[in-house]
Amino acid sequence: MYEGNENICLLLPVAVPIAAGALILLAKGIRKNRKTLLALVLGTLFLEAALVAQALYVGGTLNLWQMTDSICLAFGVDGVSWLFAGLTAGMWLLVGIYSVSYMKHEQREYSFFGFYLIVLGVLIGLDFSKNLITMYVFYELMTLTSLPLVLHEQTKEAVTAGLKYLFYSVAGAFLALFGIFVLIRICGNQTFTPGGVIRCLEDGTMVCILRSSIGTERIGQGLFLGAMLCILIGFGAKAGMFPLHGWLPTAHPAAPAPASAVLSGVITKSGVLAILRVVYFVAGPQALRGTWVQQVWILLTLATVFMGSMLAYKEPVLKKRLAYSTVSQVSYVLFGLSVLKEQAFMGAMSHIVFHSLIKNALFLCAGTVIVMTGKTRVEDLKGLGVKMPLFLSCYTVVSLALIGIPPTSGFVSKWYLATGALASGTGTFTWLGPAVLLVSALLTAGYLLPLTIQGFFPGEDYKEHAKSEPSAWMMGPILLLTAGALLLGCFPGRLLAMVEKIAASTLL
């Protein structure tokens, strides 16, 4: 049941896009009239941006459903909600505008837009989740509702990719569910609390500091740490962390470019959000700092960073190359979180925003290349900048941002990640972390810049691939994302102030 109509605005950003998406899928009249379809989609996306802004401004909480005495589905707004919900709404709007032009070349356009809006509502529900149970419910819904975006083409490749995406996501979520059971056993109350609520006693047992009697529930440290590792690996599947990263390079090439963009730039961050909430708002960084789980977590993130960059460097297909890049870059964020120190945490939180801007732009660029040239391999795109100089310039700027070249945004987040690791006191990882990030940056330059070099300096033997720049529907979002990736690097102050405030409240 609901408690307090004054907070009903937290429900609207979840319900409105889901209702609009369902209407598109069910109403034949809308499906057959493209102008009506696009008007509904764009209208919903702009309305959603306003609804999210209103919800974040008003704040508060909303209890949706009291399932049992101890289980409640509830929404709430905090600093993390501001970051993730605002990012989700903004990226979904820009990619949706791009899709107006891109999807006219695709079959079953209505199906894509219907599920595109439904996933948006589910993601906002995930961002607004106030406790573990609500987060897990929307996390599973996100997997089920985003699956049709991967299956959209309905080819053998798409079906294989969709099944792989489903298997990895569900397997990871079930693995994390075991850890959630353990945490609920300790905490009783699953509400997110900045800094976490679990502490280790001198005898090695874990307790919840919110219990009226601190000894009411005691669980051995070994069980607690094992449960936390299950959560990190399970939710890490959606973030593309080794060993459950295999769905990413399979799903991205099979999905339409706009779906690939939001899968990489936004949906992978849902795994990051789940890990962030559990580590920093339930368990607490103190419960993990210095343990073997922290060491394993750091090792997995660094292995993923290096492995993803190396596989991207060797991959000839552009979209698949970008997919491997996502495997690497999202683990930059997880590495910053695993250090459990303020400066690295700030680098991780800022990289969430910067990577989303950059990778959405890169996947939209890849989709534009496919539409304009019909080519998918980097080696076939020589001379692309001759007829498309503005487009290739945008690609180059966001590539430099992903590498981390100043004054782009990628430099800011990677600076905080590296300096935070150096000051962390995590033993070997104090220097190994920055070293791996540096090697990954060099590999990133190696797999992104060849398209720029061959595009602007193709030599004499090349064929013209396109006659003009892409349409305004395509170039507009790419230009805005490029500008964001550059300007946030030049003027990161407000964003850094926000993430510093979040860090101060969670790193105790």
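Up top you'll find the structure we're talking about.
What you are looking at is a predicted structure, and each value in this text was computed from that prediction instead of being measured.

## A short note on the packing of aromatic side chains
Item 1. Counted under the stated rule, the structure contains 11 aromatic pairs.
Item 2. Relative to Phe 113, the ring of Phe 112 lies with its centre 5.4 Å away and its plane at 75°, an arrangement referred to as edge-to-face.
Item 3. Classification of Phe 112 by relative accessible area gives buried; the value is 1%.
Item 4. Judged by its relative accessible area of 0%, Phe 113 falls in the buried class.
Item 5. Look at Tyr 165 and Trp 247: their rings are 5.0 Å apart centre to centre, the planes differ by 55°, and that puts the pair in the tilted class. You can see Tyr 165 sitting in helix H7 (residues 156-187) and its partner Trp 247 sitting in helix H9 (residues 247-254), a full 82 residues away along the chain. Comparing Tyr 165 with Trp 247 shows no difference in burial state: the two are buried.
Item 6. A connected cluster of aromatic rings, assembled from ring pairs, spans Trp 92, Phe 112, Phe 113 and Tyr 116.
Item 7. For Lys 238, the ring lying beneath its charged end belongs to Tyr 139, and the centroid distance is 5.7 Å.

## Comments concerning empty space enclosed by the protein
Item 1. Going through the model one piece at a time under the given rule, you end up with 3 cavities of 30 Å³ or more.
Item 2. Considered as a void within the structure, the largest cavity measures approximately 60 Å³ in volume.
Item 3. Those elements that provide at least two residues to the lining of the largest cavity are helix H4 (79-102), helix H5 (109-128) and helix H10 (257-283).
Item 4. Across the lining of the largest cavity, the residue classes break down as 6 nonpolar, 2 polar and 2 charged.

## Describing the nonpolar core
Item 1. Residues Trp 92, Phe 224, Met 228, Phe 235 and Leu 337 are the most contacted members of the largest nonpolar core, which totals 181 residues.
Item 2. Sorting elements by how many residues they give to this core places H10 first, with 18 residues.
Item 3. With near-sequence residues (within four places) excluded, Trp 92 lies in contact with Leu 45, Tyr 116, Val 119, Leu 120, Leu 123, Val 262, Val 266 and Ile 267.

## Observations regarding the environment of Phe 224
Item 1. Among the structural elements, Phe 224 can be located in helix H8 (residues 221-236).
Item 2. In this structure, the C-alpha to C-alpha distance between Phe 224 and Ala 401, residues 177 residues apart in sequence, is 39 Å.
Item 3. Not counting the four nearest positions on each side in its chain, Phe 224 is found in contact with Val 182, Leu 183, Ile 186, Ile 198, Met 206, Ile 219, Ala 283, Ala 287 and Leu 288.

## A few points about the pattern of salt bridges
Item 1. In total, this model carries 3 salt bridges according to the counting rule given.
Item 2. In this structure, the salt-bridge partner of Glu 109 is Arg 34, at a minimum N-O distance of 2.8 Å. Taken as a pair, Glu 109 in helix H5 and Arg 34 in helix H3 (residues 34-58) lie far apart in primary sequence, 75 residues in all.
Item 3. A relative accessible area of 10% places Glu 109 in the buried class.

## Observations regarding the packing of helix H14 (residues 342-373) against helix H16 (residues 389-403)
Item 1. It is the contact of H14 with H16, at a shortest axis distance of 9 Å, that shows an interaxial angle of 145°. As H14 runs across H16, the sense of the crossing is left-handed. Here His 355, Ile 358, Lys 359, Ala 361, Leu 362, Cys 365, Thr 368 and Val 369 of H14 lie close against H16, whose contacting residues are Phe 391, Tyr 395, Val 398, Ser 399, Ala 401 and Leu 402.
Item 2. Across the contact of H14 with H16, the residue classes tally to 10 nonpolar, 3 polar and 1 charged.

## Here's the deal with the pairing of strand E2 (residues 72-76)
Item 1. Counting buried residues in E2 gives 5 out of 5 residues, a clear majority hidden from the surface.
Item 2. Alternating residues of E2 divide into Cys 72, Ala 74 and Gly 76 and Leu 73 and Phe 75, and every residue in both groups is buried.
Item 3. Across 5 bridges, strand E1 (residues 61-66) lies against E2 in antiparallel orientation. Looking at E2, one finds that Trp 65 is bridged to Leu 73.
Item 4. Connecting the antiparallel pair E1 and E2 is a turn made up of 5 residues.

Conventions used here
- Every chain begins its residue count from 1, and numbering advances along the sequence as written.
- For this predicted model, a pLDDT threshold of at least 70 governs which residues receive local features, and a threshold of 80 or more governs which side-chain atom pairs are given and counted, while totals over whole chains, interfaces and linings are taken from all residues.
- Side-chain calculation: all heavy atoms of the structure are included, whereas hydrogens and water are not.
- Paired rings are identified among Phe, Tyr and Trp, the last through its six-membered ring, by centres lying within 6.5 Å, and are further divided according to the angle between planes into stacked (under 30 degrees), edge-to-face (over 60) and tilted (the rest).
- Note on exposure labels: buried denotes an accessible area under 20% of the residue type's maximum, exposed denotes more than 50%, and partly exposed covers the range between, all computed with a 1.4 Å probe on protein chains only.
- Segments assigned H or I by DSSP are reported as helices when at least four residues long, segments assigned E as strands when at least two residues long, and all are numbered from the N terminus.
- In this scheme, Lys NZ or Arg CZ marks a charge over a ring once it lies within 6 Å of the ring centre and within 35 degrees of the ring normal.
- Cavities and pockets are defined on a 1 Å grid built over the protein atoms alone: a cavity is a set of grid points where a 1.4 Å probe fits but cannot escape, while a pocket is an open set with protein on both sides within 12 Å along at least five of seven lines, and lining residues are those with an atom within 4 Å of any such point.
- Grid points are joined across faces, edges and corners, and a volume is the space filled by probe spheres set on the points.
- Amino acids outside the nonpolar list (Ala, Val, Leu, Ile, Met, Phe, Trp, Tyr, Cys, Pro) and the charged list (Asp, Glu, Lys, Arg) are all regarded as polar, and Gly is one of them.
- Nonpolar core, defined: a set of buried Ala, Val, Leu, Ile, Met, Phe, Trp, Tyr and Cys residues in which side-chain atoms within 4.5 Å join the residues together.
- Two residues qualify as a contact provided that any one of their heavy atoms is within 4.5 Å of a heavy atom in the partner residue.
- We count a salt bridge whenever a side-chain nitrogen from Lys or Arg sits within 4 Å of a carboxyl oxygen from Asp or Glu.
- Axes here refer to lines fitted to C-alpha atoms; in helices the fit is confined to the stretch in contact. Angles between the N-to-C directions go from 0 to 180 degrees.
- The hand of a helix crossing depends on one turn: near helix anticlockwise from the far one by less than a right angle means left-handed, and clockwise means right-handed.
- Paired strands, as defined in this entry, are two strands with at least two bridges between them according to DSSP.

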